[in-house]
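Here's the letter readout for the chains.
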Amino acid sequence: MDLRIFTEPQQGATYDTLLTVAKATEDLGFDAFFRSDHYLSMGSADGLPGPTDAWITLAGLARETKRIRLGTLMTAATFRLPGVLAIQVAQVDQMSGGRVELGLGAGWFEEEHKAYGIPFPKEKFARLEEQLEIVTGLWATEAGKTFDFHGTYYDLTKSPALPKPAQSKVPVLIGGHGAKRTPRLAARFADEFNIPFASVEDSAAQFERVRKAAREIGRDPGELVYSNALVVCVGRDDQEVARRAAAIGREADELKANGLAGSPAEVVDKIGRYAEIGSQRVYLQVLDLSDLDHLELISSQVQSQLS
């Protein structure tokens, strides 16, 4: 079971804060550092000092880390043109020496689009499908050849399809709860399928939908990695769990029901239940980025038991 650190910087974090967490992620032996792609805080958070751009952040981290994988859960297709996104990701992959992964989703948070003047189209899912065809098609085009795409929303003619990523194939993550279109899209394009904030039972059902969709197009379902994203809140005792829960505006009992919360033994046990239904990787949503002792505890007493 891989454990990856997943952050939500729109809730309030500078680049320097993210760099500190990313370096701790690397030093403590976690597999990867991922971040959300949002421009507006949610809930009661003030979001100060303001948003940081996902791919600019990852470009910086690519030069200041050595081992960990870097990526997004999820880049919003509404934020970037697909040709530009393919260039950005390929460049950051080169800057990292081949450690980048692209999580790409349709985009959903209308308020942030209004706040920053970003178009919020109705036909988001169909646009996402074309974006996936274009981004993966550009990367797969042989050097010296050109790429053409003529879709409903995007039109590319004689693209040189450059630059190329450092990796022969940048892993693509697709995720979500949709019962029909999402599994079909994952079966076609994904290297990894991620379901965020879902119970063991709901995760099992969604994983099976993805496996079924893969079989229907003649793809081996075992080619995909299956993963979860869950909020994490670990403490050595009930008081520490309660303190960490309060720091992120949550209740310990609610987090135990809907996330990975409690003592290290409780969290290891719950991760084990996800592993039993086929989850191979967990993205630990860390909401208090100032609490590096939390990461150390997870590393020493949770991750160590899963290795």
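Each remark here, short or long, concerns the structure printed above.
Residues numbered from 1 in each chain as written. Predicted model: local features only at pLDDT ≥ 70, side-chain atom pairs only at ≥ 80, totals over all residues. Heavy atoms only, no water.

## Description of the environment of Tyr-226
The following threshold applies: Secondary structure elements are defined from DSSP: runs of H or I of at least 4 residues count as helices, runs of E of at least 2 residues count as strands, and each element is numbered from the N terminus. Here, two residues are considered to be in contact whenever any of their heavy atoms come within 4.5 Å of each other. In protein, a polar contact requires one atom able to donate a hydrogen and another able to accept it; more generally it is a pair of N or O atoms within 3.5 Å, and residues adjacent in sequence count only if both atoms are side-chain atoms.
Its place among the elements puts Tyr-226 in strand β10 (residues 225–234). On a C-alpha basis, the gap between Tyr-226 and Phe-193 in space is 5.0 Å, while along the polypeptide they are 33 residues apart. What Tyr-226 contacts, discounting residues up to four positions off in sequence, is Phe-193, Phe-207, Val-210, Arg-211, Pro-221, Gly-278, Ser-279, Gln-280 and Arg-281. At 2.8 Å, the side chain of Tyr-226 forms a polar contact with the backbone oxygen of Pro-221.

## Brief notes about unusual backbone geometry
In the segment running from Leu-48 into Pro-49, the intervening peptide bond is cis, with an omega of 10 degrees. Relative to the helices and strands, Pro-49 resides in the loop between β2 (32–35) and α2 (54–64). Along the chain, Leu-162 connects to Pro-163 via a cis peptide bond; the corresponding omega equals 0 degrees. The phi dihedral of Lys-158 is positive, around 55 degrees, even though this residue is not glycine. Position of Lys-158 relative to the elements: it lies in strand β7 (residues 155–159).

## With respect to the packing of helix α1 (residues 15–27) against α2
How we decide: Axes, fitted as lines to C-alpha atoms, cover a helix only where it is in contact. Angles between the N-to-C directions of the axes lie from 0 to 180 degrees. Oblique is the label for any angle not under 35 degrees, not over 145, and not in the 65 to 115 range, which are roughly parallel, roughly antiparallel and roughly perpendicular in turn. Two helices that cross are described as forming a left-handed crossing if the nearer one is turned anticlockwise from the farther one by less than a right angle, and a right-handed crossing if clockwise.
Running from N to C, α1 and α2 cross one another at 45 degrees; their axes reach a closest spacing of 10 Å. With respect to each other, α1 and α2 are oriented oblique. For the pair α1 and α2, the crossing hand works out as right-handed. Between α1, through Tyr-15, Leu-18, Leu-19, Ala-22 and Lys-23, and α2, the contact on the second element is made entirely by Thr-57, Gly-60, Leu-61 and Glu-64.

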